[in-house]
Structures are given as C-alpha cells and as structure tokens.
Amino acid sequence: MRKDISTHYKEGSTLCFLFVSRELVTVYIITCAIMIVVIMGVSGSGKTEVGSLLAKKMGWKFYDADDYHPLENKTKMSQGIPLNDQDRHPWLCVLHELIMRERTSGLHVVLACSALKRAYRITLTTGKTPLNGECPCEENEDLSSYTIFVHLHGSMEIISKRLEIRTGHFMPLTLLQSQFDTLEPPAEPEIYITVNVERDISEIIIELQEMIKHKTNQTVCSISKSNVLL
Ligand SMILES: Nc1ncnc2c1ncn2[C@@H]1O[C@H](COP(=O)(O)OP(=O)(O)OP(=O)(O)O)[C@@H](O)[C@H]1O
Ligand SMILES: O=C(O)[C@H](O)[C@@H](O)[C@H](O)[C@H](O)CO
C-alpha cells in the first residue's frame, strides 16, 4: 500500500509530493508559474479600484501603470489630447521590464493598465510590437503564457457617470470617447477574462477570484511525475 511520507512542501510556487511504496518512490512536481494579471479597459472602467482590491484580497503585488507614464503623457492627457502609439510605446516598454523583473519575485502580480490595443498587449508581454519595433531592454522574454488579461467591460453611459463624479484625477471625461474608439477587446489566442463592471465592486472581486483561479489551473500549472526504484 502506498504511503504519503512527505505530504507536501511548498517552495516558491512549486509543490512536491513524494509517495513511497516498498520498492518505489514516486515524485510528483507541480510547478505553477508566477502569474501576471493585467486589469485592462478604458479610463474609468475601474482598473485601479478593482486591481488594488483584488491584489489585497489575494495577497499579491499591485502596480498601477498610470504611475509609470512619463510627465509628457500625463500633461497631454490632462490637456484633453489622446495619446498615440508613439506616446504609449516607451511607457509599455517600461511596464514590460517591470513585469519581467517581477517574474522572479515569487509573488503573483496585478497590473492595472489600459492596454487598449492588441499591439500594446503584445509589447507588454513580449517587449516587441508590430507598431514600433523592439523595446530597448537587455533581455526580452515572452510572458504571454503567464499573463491573464482581465477586460473590465462597461457601457459608455455607466462609465461616464462614474467619471463625472471622480475627483482629483488628471484624465478628463472628454477623452472617454477616444478610449472606446481605440479599444480592441482581447481575443484568442490571448488568455483573457471579460468582466461586466456594471455592478457592485464586491461582486466583481468574488467572480474574478474564481475565474482567475480557474484560468490559472488551466494555463500555468504543469505536473511532472518520475519513479525511482529502491
Ligand atoms: N464597480 C464599481 N461600482 C461603482 N463605482 C466604481 C466601480 N468601479 C470603479 N468605480 C468608481 O469609478 C471611478 C473610476 O474607477 P477607477 O479610477 O478605478 O478607474 P480606472 O480604470 O483606473 O480609470 P483611469 O484609467 O482613468 O485611471 C472611481 O471613482 C471608482 O471609485
Ligand atoms: O492608454 C492610455 O490612453 C492611458 O493609459 C489612459 O488609459 C490613462 O492612463 C488612464 O485612463 C488614466 O488613468
């Protein structure tokens, strides 16, 4: 009869199980990669609110891409001028470097980032883009199989109502239409979840936790088994 002698030990994100019988040791190693959860969507869709709360609940790290915009980008937006591909490129490269660094930190990461176009999401995950060439990073790794895009989806009507009452933010409501015009919702082969934001935040978080758990099991955990004869 098999006896589980070590039950399990946890180191980083790897779980190891040893099963010992009279003549055989079976070693199962389950490796779950560090996940990058990008909370994306138009301005006012709730990226900061949902992303920070989700990270807090899960004990994960949280970053807000707005904190990494160069001053010129923030100035432009606050003057009511939408950013273009050239404006966003260096910012996306900085974010790519950030999530690459985080891959070795041992904690899952939540990044709130508009990531409106497919090409922007490619830059985020690979450091490359069909629009502007490669990022000037020392090393680029393709993180697409470890990245889940959570698209916060809501109507122009609801989101503009929320922005009307938001205070102390550089992004004006007048830019909302251009955000919707630029948006390319995520699609296969991207790993993504679409969440309706037109309900209570606590409901959104509960649903997201479940959906992320499900996606994580599907996409980034692998199991290896080996037998050692005694
Ligand atoms: N589910 C929700 N129900 C009600 N209000 C919400 C919800 N989600 C976010 N809000 C509110 O809507 C406003 C916009 O949310 P938030 O600032 O998180 O959006 P954002 O996507 O990060 O915007 P930006 O990209 O412009 O920084 C905030 O005032 C926030 O408190
Ligand atoms: O790609 C973009 O146009 C920007 O990231 C914007 O989405 C703003 O940063 C954000 O909405 C303001 O917080």
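Just so it is clear, the structure is predicted and the values come from calculations on it, not from any experiment.

Enquirer: Hey, could you go over unusual backbone geometry for me, with residue numbers and the actual values?
Expert: At the junction of E188 and P189, the peptide bond is cis and its omega measures out at 5° in the coordinates. Tracing the backbone through its elements, the reader meets P189 in the loop between α6 (176-182) and β9 (192-196).

Enquirer: If you had to explain the nonpolar core to someone new, which residues and values would you point to?
Expert: Membership of the largest hydrophobic core comes to 25 residues, with the highest contact counts inside it found for V38, L95, L111, C113 and L124. It is helix α3 (residues 85-102) that provides the largest number of residues to this core, a total of six residues. Not counting the four nearest positions on each side in its chain, L111 is found in contact with V37, V38, I39, Y63, A65, L95, L98, I99 and L124. Counting 19 residues, the second-largest nonpolar core is a separate cluster that includes M35, I39, I148 and V195.

Enquirer: For the site of ligand 1, give the residues involved together with the corresponding values.
Expert: Taken together, 16 residues lie around ligand 1, and S43, G44, K47, T48 and R166 are the ones closest in. G44 has a polar backbone atom sitting 2.9 Å from an oxygen atom of ligand 1. At a separation of 2.8 Å, an oxygen atom of ligand 1 approaches a polar side-chain atom of T48. Contact with the protein chains removes 80% of the 630 Å² of surface that ligand 1 exposes when unbound. Looking at the shell around ligand 1, the elements that each hand over two or more residues are α1 (47-58) and α7 (201-219). Here the element with the most residues in the shell around ligand 1 is α1; it accounts for three residues. Each residue belonging to the shell around ligand 1 can be placed in one class, and the counts come to four nonpolar, six polar and six charged.

Enquirer: Describe in detail the state of the cysteines, supporting the description with residues and values.
Expert: Taken as a whole and assessed by the stated rule, the structure comprises one disulfide. The disulfide that involves C93 links it to C135, with 2.0 Å between the sulfurs. On the sign convention where negative is left-handed, the bridge of C93 and C135, at about -80° about the S-S bond, is left-handed. Taken as a pair, C93 in helix α3 and C135 in the loop between α4 (118-126) and β8 (147-153) lie far apart in primary sequence, 42 residues in all. Residue classification places C93 among the buried positions, given a relative accessible area of 5%. Cysteine C113 remains unbridged, with the sulfur of C93 as its closest cysteine sulfur at 12 Å.

Enquirer: Outline the environment of T48, supporting the account with residue identities and numerical values.
Expert: Its location among the elements puts T48 in helix α1. For the pair T48 and N73, spaced 25 residues apart in the sequence, the C-alpha separation amounts to 18 Å. In contact with T48, other than residues within four places in its own chain, are F62, D64 and A112.

Enquirer: Outline the site of ligand 2, listing residues and values.
Expert: If you check the shell around ligand 2, you find S43, D66, H69, M77, R88, W91, S114, H169, F170, M171 and Q179 and nothing else. The contact in question runs from an oxygen atom of ligand 2 to an N or O atom on the side chain of R88, over 2.8 Å. In this structure, S114 approaches ligand 2 through a side-chain N or O atom, which is 2.8 Å from an oxygen atom. For ligand 2, whose accessible area on its own is 330 Å², the fraction buried by protein is 97%.

Enquirer: Give me the lowdown on α4, citing residues and values where you can.
Expert: The element α4 is extensively covered by neighbouring structure, given that seven of its nine residues are classed as buried. If you check which residues of α4 are buried, you get A119, Y120, R121, T123, L124, T125 and T126. Just downstream of α4 lies G127, where phi reads positive at about 80°.

Enquirer: Any details on the domain arrangement of the protein? Residues and values, ideally.
Expert: How big an interface is tends to be stated in terms of the accessible area lost upon association of its parts. Each domain of the protein was delimited in the assignment, giving domain 1 (3-32 + 222-229) and domain 2 (36-219). Computed from C-alpha coordinates alone, the two centres of domain 1 and domain 2 are separated by 37 Å.

Enquirer: Summarise the sheet that holds β9; cite the residues concerned and give the values.
Expert: What the five strands build is an open sheet, ordered β6-β7-β5-β8-β9; its pairing is parallel. Both edges of this open sheet fall to β6 (61-64) and β9, since each of them pairs with a single strand only. The average undirected angle you get between the axes of adjacent strands in this sheet is 20°. Across five bridges, β8 lies against β9 in parallel orientation. Among the inter-strand pairings, H153 is bridged to a residue of β9, identified as N196.

Calculation notes
- Residues numbered from 1 in each chain as written.
- Chains lettered and ligands numbered in written order.
- Predicted model: local features only at pLDDT ≥ 70, side-chain atom pairs only at ≥ 80, totals over all residues.
- Heavy atoms only, no water.
- Helix = DSSP H or I, 4+ residues; strand = E, 2+ residues; numbered from the N terminus.
- Core = buried A, V, L, I, M, F, W, Y, C linked by side-chain atoms within 4.5 Å.
- Buried < 20%, exposed > 50% of the residue type's maximum accessible area, 1.4 Å probe, protein only.
- Contact = heavy atoms within 4.5 Å.
- Near = heavy atom within 4 Å.
- Polar contact = N/O pair within 3.5 Å; in protein donor to acceptor, adjacent residues only side chain to side chain.
- Areas by Shrake-Rupley, 256 points an atom, 1.4 Å probe, with all protein chains shown as cover.
- Nonpolar A, V, L, I, M, F, W, Y, C, P; charged D, E, K, R; others polar.
- Disulfide = S-S within 2.5 Å.
- Domains from an automatic or database assignment.
- Pairing = 2+ DSSP bridges.
- Axes fitted to C-alpha atoms, helices over the stretch in contact; angles between N-to-C directions.

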